[in-house]
Amino acid sequence: MSTLPQTFASAPAPRAARRWRRLLRDREFWFGGVLLIAIIGFAFLGPALDPHVGEHYDMAAQTLGPSLGHLLGTNVLGQDELAQLMVGGQSPIIAGVLAAAVASLIGIAMGTIAGYGGRLADSALMRVTDVFLSVPQVVPILLIESLLGASTKSLIIVVALTAWPATARIVRARTLVVRQQPFIEAAIAGGASRSRVLLHHIVPNVLDEIIVATTNQFANVVLIMAICTFIGLGLPPPWNWASMFAADMPNIISGQWWLVYPPGIAFAVLLLSVHLLGEAVRHALNPLSLGHGEP
Amino acid sequence: MMARYIARRVLEATLTLLAVGFATFGLLHALPYNLAAIMAGPTAPPAVVAQVAREMGLNLPLPAQFGLWLRQLAATGLPLAARFAPLTLELLVLGSVLAAVAAFAMAFAQARRPNSLIDRAASLAAYVAYALPSFWVGFVLIYVFALQLLWLPATGPNLDPSSQGIANWATEMVLPAMTLALSTIALWLTYFGGAIEEALHSEYVRTARAKGLSEGRVILAHVLRNALLPAITIAGMSLPTLFNNVIVVEWVFAMQGLGSELIYSLTGFDYSRAVDLVMVIGAFTILGSLVADLLYALADPRIKFS
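What you see is a predicted model; the values in this text were computed from it and never measured. (Residues numbered from 1 in each chain as written. Chains lettered and ligands numbered in written order. Predicted model: local features only at pLDDT ≥ 70, side-chain atom pairs only at ≥ 80, totals over all residues. Heavy atoms only, no water.)

### A short note on the overall build of chain B
Helix and strand content of chain B: 15 helices and 0 strands. Overall, chain B is about 80 × 55 × 40 Å in size when its C-alpha atoms are taken along their principal axes. Taking all 306 residues of chain B together, 47% fall into the buried category. Counted over contacts in chain B with a minimum sequence separation of 6, partners at least 24 positions apart contribute 70%. Carbon together with sulfur atoms contributes 68% to the accessible area of chain B, which is approximately 14900 Å² in total. (Helix = DSSP H or I, 4+ residues; strand = E, 2+ residues; numbered from the N terminus. Buried < 20%, exposed > 50% of the residue type's maximum accessible area, 1.4 Å probe, protein only. Contact = heavy atoms within 4.5 Å. Areas by Shrake-Rupley, 256 points an atom, 1.4 Å probe, with all protein chains shown as cover.)

### Remarks on the packing of aromatic side chains
Considering all chains together, one arrives at 21 aromatic pairs over all chains under this definition. Look at A:Phe245 and B:Phe135: their rings are 6.1 Å apart centre to centre, the planes differ by 35°, and that puts the pair in the tilted class. Placement of A:Phe245 in helix 12 (residues 241-253) and of B:Phe135 in helix 6 (residues 134-148) is noted, with the two residues assigned to different chains. When its relative accessible area of 0% is taken as the criterion, A:Phe245 is described as buried. Owing to a relative accessible area of 1%, B:Phe135 belongs among the buried residues under this scheme. Among the aromatic residues, those joined into a ring-pair cluster are A:Phe230, A:Phe245, B:Phe135, B:Phe139 and B:Trp251. Over the face of the ring belonging to A:Tyr116 we find A:Arg194, whose NZ or CZ atom lies 4.9 Å from the ring centre. (Phe/Tyr/Trp six-rings, centres within 6.5 Å; stacked < 30°, edge-to-face > 60°. Lys NZ or Arg CZ within 6 Å of the ring centre and 35° of its normal.)

### Quick look at the packing of helix 6 (residues 90-116) of chain A against helix 7 (residues 119-133) of chain A
Residues and elements named next belong to chain A. In the contact formed by helix 6 and helix 7, the axes pass within 7 Å of each other and the chain directions differ by 135°. Looking at the two axes, helix 6 sits oblique to helix 7. Crossing of helix 6 over helix 7 shows left-handed handedness. Facing Met110, Ile113 and Ala114 of helix 6, the residues of helix 7 in contact are Ala121, Asp122, Leu125 and Met126. Among the residues making up the contact of helix 6 with helix 7, the classes are represented as 6 nonpolar, no polar and 1 charged. (Axes fitted to C-alpha atoms, helices over the stretch in contact; angles between N-to-C directions. Parallel < 35°, antiparallel > 145°, perpendicular 65-115°, else oblique. Left-handed = near helix turned anticlockwise from the far one by under 90°. Nonpolar A, V, L, I, M, F, W, Y, C, P; charged D, E, K, R; others polar.)

### Some thoughts on the interface of chain A and chain B
The parts lose accessible area when they come together, and the size of an interface is often stated as this lost area. Counting from both sides, the interface comprises 42 residues of chain A and, opposite them, 44 residues of chain B. Counting the surface chain A buries against chain B, the share from its top three residues, A:Pro136, A:Leu143 and A:Leu147, is 16%. For the pair chain A and chain B, the interface holds 0 salt bridges. At the boundary of chain A with chain B, the tally comes to 6 residue pairs in polar contact (both at pLDDT 80 or more). Only helix 7, helix 8 (138-148), helix 11 (194-231), helix 12 and helix 13 (262-285) of chain A provide two or more residues apiece to the side of chain A that touches chain B. (Buried area = accessible area lost by both parts, 1.4 Å probe. Salt bridge = Lys/Arg side-chain N within 4 Å of Asp/Glu carboxyl O. Polar contact = N/O pair within 3.5 Å; in protein donor to acceptor, adjacent residues only side chain to side chain.)

### Brief notes about the confidence of the model for chain B
Across chain B, pLDDT averages 88, with 98% of residues at or above 70. For this predicted complex, the interface score ipTM comes out at 0.90, alongside a pTM of 0.89. (pLDDT = per-residue confidence, 0-100.)

### Notes on a positive patch on the surface
A cluster of basic residues, A:Arg15, A:Arg18, A:Arg21 and A:Arg25, forms a positive patch on the protein surface. Checked against the element boundaries, A:Arg18 lands in helix 2 (residues 15-25). (Patch = residues over 30% accessible without salt bridge, like charges linked within 9 Å, V, L, I, M, F, W, Y side chains within 5 Å. Lys, Arg positive; Asp, Glu negative; His and termini not counted. Charge placed at Lys NZ, Arg CZ, Asp CG, Glu CD.)

### Structural notes on the side chain of B:Ser265
Residues and elements named next belong to chain B. As for its position among the elements, Ser265 is in helix 14 (residues 258-267). By relative accessible area, Ser265 is classed as buried at 3%. Setting aside residues no more than four positions away along its own chain, Ser265 makes contact with Asp270, Arg273, Ala274 and Leu277.

### Topic: the environment of A:Gly96
Residue and element names in this part refer to chain A. Mapped onto the secondary structure, Gly96 falls in helix 6. When its relative accessible area of 0% is taken as the criterion, Gly96 is described as buried. Along the sequence, Gly96 and Val222 sit 126 residues apart, while their C-alpha atoms lie 5.1 Å from each other. Excluding its chain neighbours within four sequence positions, the residues that come into contact with Gly96 are Ser91, Phe218, Val221, Val222 and Met225.

### A short note on the pattern of salt bridges
If the charged atoms of two oppositely charged side chains come close together, the side chains can form a pair. Tallying each qualifying case throughout the model produces 11 salt bridges over all chains. In this structure, the salt-bridge partner of A:Arg174 is A:Asp208, at a minimum N-O distance of 3.2 Å. With a gap of 34 residues between them, A:Arg174 in helix 9 (residues 152-178) and A:Asp208 in helix 11 connect regions that are remote in the sequence. Its relative accessible area of 18% is what places A:Arg174 among the buried residues. Across the pair B:Glu12 and B:Arg8 runs a salt bridge whose closest N-O atoms are separated by 3.4 Å. Remark: B:Arg8 and B:Glu12 occur in helix 1 (residues 2-30); sequence separation between them is 4 residues, near one turn of the helix.

This is the structure:
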């Protein structure tokens with residue numbers, strides 16, 4: 001270890017390397033990353049290790065409290081709560097990732113077009129987002145899912161199609177700021193085409209907002225889907241956290257207290273991990289967004 | 001100037017509501033089903049379906065149908081709004097106020113000791129409260145405070161305060177309002193945190209510090225007081241998002257508001273009522289944002305009318 005101050009010890013690192021170093025020093029990054037790996041491993045690898053997965057109705061093991069054999073107890077059908085919780089994480093995570101990805105892609109495209117595509121495109125797109133954002137997102141989803149018959153596929157599509165305006169707004173606002181910067185003018189003066197300016201100069205500079213908007217979108221769509229699923233117009237029961245909880249509610253009231261906490265904690269761990277990672281990546285890409293501290 | 005701003009916002013809100021109506025109408029007509037059969041319900045005999053089709057004017061051209069639908073909506077939607085909107089409004093206002101007050105206190109504590117354990121813990125707690133689904137939070141509160149501790153009733157109020165007594169009403173409202181508030185504290189904390197951050201670099205705060213005021217007084221008297229007025233806009237803007245949670249909160253606490261009525265109508269296949277409620281909820285949130293904007297404009301004469 002050198003005793004010299006860091007500024008003398010090393011030449012200025014390239015931008016990407018500096019970003020990585022900032023990311024790896026960030027406690028939020030490690031905490032969020034470990035949590036995310038843990039919850040994904042829990043939902044997708046856990047079932048392979050658990051002997052109770054696939055045991056559907058164990059009459060000998062009905063309504064057992066937590067024990068060494070059943071760490072989180074069993075429900076009224078004799079199903080192991082831990083096994084259910086593991087398998088029950090798969091569909092919320094997959095549907096959430098897909099819906100957030102589609103919503104974010106549409107939102108990014110619409111936001112950059114609105115911010116860089118001229119005034120007509122801007123005002124047209126903003127009026128559309130106004131309409132979407134003025135109505136609670138759950139309302140059209142419930143109506144459509146009820147009319148079409150709820151399925152995972154239709155839920156992902158409908159949630160994505162109602163979720164993108166939030167992302168579009170954020171991306172547009174940032175694009176409007178970035179397009180005023182001198183380097184954009186320089187690129188245009190240098191003969192870059194509009195699409196080149198958009199993809200090579202605007203999108204990279206909006207990236208930190210995009211990442212945070214995408215992680216926020218993930219939290220939003222997972223919660224929206226949970227609400228719809230709980231009501232019975234979302235993901236198909238029984239193997240997901242919201243349906244499990246809805247089904248267990250009467251049994252919790254009649255005394256099976258151990259079923260009350262796991263589904264809520266699972267949702268919180270999933271969303272918190274993604275949130276922390278998003279914040280950490282944002283700080284690494286744009287340290288000024290911290291608001292305090294030094295770049 | 002003011003009158004023009006008000007007129008413009010009212011026009012905008014009306015157009016937005018019309019667009020929501022147009023989208024809903026378009027959606028219903030894009031469905032690959034017989035619309036009259038859907039509206040009449042799954043058990044309606046053919047004669048009733050035919051009558052519903054006549055009443056909806058399904059043989060008319062689409063623009064005429066749209067006009068007819070809007071007129072019928074005014075007749076059927078307004079009574080629904082009059083019956084169910086007050087309770088929903090009470091829940092929304094109480095939940096928002098509770099969340100704003102809690103976030104205000106948390107932001108104050110955070111600003112006193114930035115980057116401390118308290119600062120981080122408050123942000124983390126607010127996010128976790130947001131990340132927990134509100135139906136779960138509501139049920140856990142019922143489980144703990146109503147079923148285990150027997151402190152509070154397990155269901156929310158269904159009568160207005162005047163007919164059952166304000167004390168009764170308030171005890172029934174505690175758990176639903178708390179559930180709703182928990183889902184939105186994070187938003188308010190971000191807002192107050194940002195307002196403090198901005199104000200701490202302002203001239204008037206430097207003056208207040210130079211006068212020798214303590215840091216706590218500076219934040220409380222000079223920073224947060226200035227953050228209160230724009231909070232009206234935050235309340236208006238967050239209304240549609242908050243309503244997502246209102247729907248399940250009303251359901252979990254067995255309250256008869258706009259949200260739970262929508263669920264009952266949809267799960268009972270009463271689509272004509274469900275569509276009315278969709279439009280009433282849309283009008284409710286659009287009107288809410290409009291009122292918030294106008295209140296803010298009236299309260300703060302510096303607002304730019306551009």
